[in-house]
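Summary of structural features
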Number of protein chains: 2
Amino acid sequence: MVTLAEVAQHAGVSASTVSYVLSGKRSISGATRQRVEQSIRELGYHPNAGARALASSKSNIIALMIPLRTDMYVPVMMEIAIAVATTARTHGYDVLLLTGEEGPDAVRRVTGSGLADAMILMDVQLDDERLPLLRGTDQPSVLIGLPADTSGLTCVDLDFKATGALCVEHLAMLGHRDIAVIGEAPAVYERHTGFAERTLDGLRLRSQELGMRLLHRPCEGGYDAMAVTLARILDERPSTTGFVVQNESAVEPLLALLRQQGRAVPEDVSVVGICPDQVATQASVRLTSVSIPAQEMGRHAVEQLVAKLDGRGSNEVVLIAPELTQRASTGPAPANTN
Amino acid sequence: MVTLAEVAQHAGVSASTVSYVLSGKRSISGATRQRVEQSIRELGYHPNAGARALASSKSNIIALMIPLRTDMYVPVMMEIAIAVATTARTHGYDVLLLTGEEGPDAVRRVTGSGLADAMILMDVQLDDERLPLLRGTDQPSVLIGLPADTSGLTCVDLDFKATGALCVEHLAMLGHRDIAVIGEAPAVYERHTGFAERTLDGLRLRSQELGMRLLHRPCEGGYDAMAVTLARILDERPSTTGFVVQNESAVEPLLALLRQQGRAVPEDVSVVGICPDQVATQASVRLTSVSIPAQEMGRHAVEQLVAKLDGRGSNEVVLIAPELTQRASTGPAPANTN
DNA sequence: ACTCACAGTCGAAGCGCTTCGACAACCTAT
DNA sequence: ATAGGTTGTCGAAGCGCTTCGACTGTGAGT
């Protein structure tokens, strides 16, 4: 293993000079700089991460806490994680992957040990038990998702309330009056995950304002669960002509079931998805949808964090505006056939 | 920030004693140990990761390189990543998330800087450019996936060749003679990703041995691509009664299309999937499938790696035996209706 | 009573880096 | 020519931990 000292000797300068070449924190003459860089290349030198962390009390690592559950909104999580990792690299940071398993202890461990300089939390619950810890430390952090109380915190998320409203508006504009919401699995609501409830708020509020009737049903993904849920909805409110689906694994089952029952999409029934674009475009009917901007969220989160680490940036809530893309699954409500 | 020295002082012992309490590398009297542990708790001490890494030349971090592409077999990757992270924690390791983006440089950087003690590589190509680097370093590593030449490497993977064979055998047993394989996207084969080719080998070999006819068609996921592929297959070989699908995002489209064309599953046509159980059970027809044991792979990989780090363990290729679960999508071939 | 082994503890020497203050050499303004 | 500032470099002091060798006291063996 090559050390700073060896590079220094090879280049005929002192260790500190090499260090300054590397960090650029003091000016170095062109000649010296080149000699040092040459030596670094020749010797294949890589600074030792531990030593660096110890001396500078900066690890250049960002911790990312992802949820342990692998059953929900997985592609979104993955895309965020990858966006976080690649964006972090462009700022010179690496990413440490923590699973929710350890819970708040992970926060303590990482903060206390100086393993990471900052952290990003995903899958934030409205009343997340990790929040007090974050508020009580001076380690920068960013949440992806919105808790109930955002004071003293930096958050990045899609504006799910606006997303709900947007879906309703789109259906209203097309003349639909009775709409049903296929939600995430009941467990998601029970955990009080913010995004699900905020979407619902937006849906309810706007549909009230527009005088529409709204039915909300949580739904486990999959064909069987969807079949049961759909039957219940159509039983309770046969006049339903618009669906909003916020559950990736319910999209295709819903479309299949509607088809099977002879309800044509979009002629008889319109469907709006809240899901990644990939899901929307690969469905059997190209789905009108509000996309989950996973990459953008990951990127934003890192950039907020880096800003904080650089002493710039403050606590703020960044809500990304939803965008609805009309595809083939929504159309005018059918003429009233009471 | 609390340091070892402060804990030592608080407990009235020397720093080295505290260190030995922590590491257990020398015997410590019960009384002293308890006093130290008490102090640690009272002061909320966490050892500094950087200092530890520097002094011991061990970071207790495992690097995990995941593919950059977010478009393919995502849930599997995610599940593996999570299994790696949680298993690593049980052995006292944290996980650093690297994306394929940097390519071989990432290997150099991590190895050279001592950022991680070992690494796990996913999405290994048959002739992966990172392999020479791995062979040339003494840093332990494990591949998830199988390259062409495994000499000097430790690999963990599902036995995809046996998987292919198993699928064929199942269909053969049910009396099918003409089978079609819906493969991964063409890009996967072009990249020479091992698993896809090995599956194909297994499929071809066994179907030859059993005197069956086999058609293989790569397929981008999604409904439209699947429609085109299916049409071509049925056009070329109308007598096809068995399908093997190795592409998560083609499963549901295939089932929908078959249904739409009046081909009943499993009465007219049988379908076997190679996919995570979750996909198989959530499909519109509960899919007979060989599951991808993502968790098991991640766990195995970490355990191999930890064994190496402990000086136990050697280079070996661990192939996990495939298991086929019969569900509702396969049945006897229809009577010959030439 | 005397050695020997061993458990239990301590002090000190680093691990490889960053960073601060010092200093020499040079330039510019007086 | 001189004071004052700049620029480029160096030496040394840590950062918080691990680990080695050394030391002390105790109990067993003779």
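Nothing here was measured: the structure is a model prediction, and the numbers come from that model. (Residues numbered from 1 in each chain as written. Chains lettered and ligands numbered in written order. Predicted model: local features only at pLDDT ≥ 70, side-chain atom pairs only at ≥ 80, totals over all residues. Heavy atoms only, no water.)

**Examining the pairing of strand E3 (residues 118–121) of chain B**
All names here are of chain B.
- Neither face of E3 is open: one carries Ala118 and Ile120, the other Met119 and Leu121, and all of them are buried.
- Pairing analysis gives four bridges linking strand E1 (residues 61–66) to E3, with the strands arranged parallel. Looking across to E3, one finds that Ala63 is bridged to Met119. (Buried < 20%, exposed > 50% of the residue type's maximum accessible area, 1.4 Å probe, protein only. Helix = DSSP H or I, 4+ residues; strand = E, 2+ residues; numbered from the N terminus. Pairing = 2+ DSSP bridges.)

**Points about the protein's contact with DNA strand D**
- Around DNA strand D, the surrounding shell holds 27 residues, and the nearest of these are A:Thr17, A:Thr32, B:Leu4, B:Arg26 and B:Tyr45.
- In DNA strand D, the atoms that sit within 4 Å of the protein are 55% sugar and phosphate, with bases accounting for the remainder.
- Between DNA strand D and B:Arg26, the relevant distance is 2.3 Å, taken from a base oxygen to a side-chain nitrogen or oxygen of the residue.
- Secondary structure elements with two or more residues in the surface near DNA strand D: helix H2 (15–23) and helix H4 (49–56) of chain A together with helix H2 (15–23) and helix H4 (49–56) of chain B.
- With four residues, the top contributor of residues to the surface near DNA strand D is H4(B). (Near = heavy atom within 4 Å. Polar contact = N/O pair within 3.5 Å; in protein donor to acceptor, adjacent residues only side chain to side chain.)

**Some words on the pairing of strand E5 (residues 155–158) of chain B**
All names here are of chain B.
- Because side chains alternate across E5, one face comprises the buried residues Cys155 and Asp157, and the other comprises Val156 and Leu158, equally buried.
- The pairing of strand E4 (residues 141–144) with E5 spans two bridges and is classified as parallel. Within E5, the residue paired with Leu143 across the bridge is Cys155.
- Alignment of E5 against strand E11 (residues 317–320), held across four bridges, turns out to be parallel. Bridged to Cys155 within E11 is Val317.

**Brief notes about the protein's contact with DNA strand C**
- Taken together, 27 residues surround DNA strand C, and among them A:Leu4, A:Arg26, A:Tyr45, B:Thr17 and B:Thr32 come closest.
- Put simply, 54% of the atoms of DNA strand C that lie within 4 Å of the protein are in sugar or phosphate.
- Contact distances for DNA strand C include 2.6 Å between a base nitrogen and a side-chain N or O atom of A:Tyr20.
- Measuring from a phosphate oxygen of DNA strand C, one finds a side-chain N or O atom of B:Thr32 at 2.2 Å.
- Sorting the residues of the surface near DNA strand C by element identifies H2 and H4 of chain A together with H2 and H4 of chain B as the ones contributing at least two each.
- Taken together, the residues of the surface near DNA strand C sort by class into 11 nonpolar, 12 polar and four charged. (Nonpolar A, V, L, I, M, F, W, Y, C, P; charged D, E, K, R; others polar.)

**Let's talk about the packing of helix H12 (residues 248–260) of chain A against helix H12 (residues 248–260) of chain B**
- Two numbers describe how H12(A) lies on H12(B): the axes approach to 11 Å, and their chain directions differ by 5°. Comparing their axes, H12(B) and H12(A) come out roughly parallel. Each of A:Glu252, A:Ala256, A:Arg259 and A:Gln260 in H12(A) lies in contact with H12(B), whose residues at this interface are B:Glu252, B:Ala256, B:Arg259 and B:Gln260.
- Grouping the amino acids of the contact of H12(A) with H12(B) by side-chain chemistry returns two nonpolar, two polar and four charged. (Axes fitted to C-alpha atoms, helices over the stretch in contact; angles between N-to-C directions. Parallel < 35°, antiparallel > 145°, perpendicular 65-115°, else oblique. Contact = heavy atoms within 4.5 Å.)

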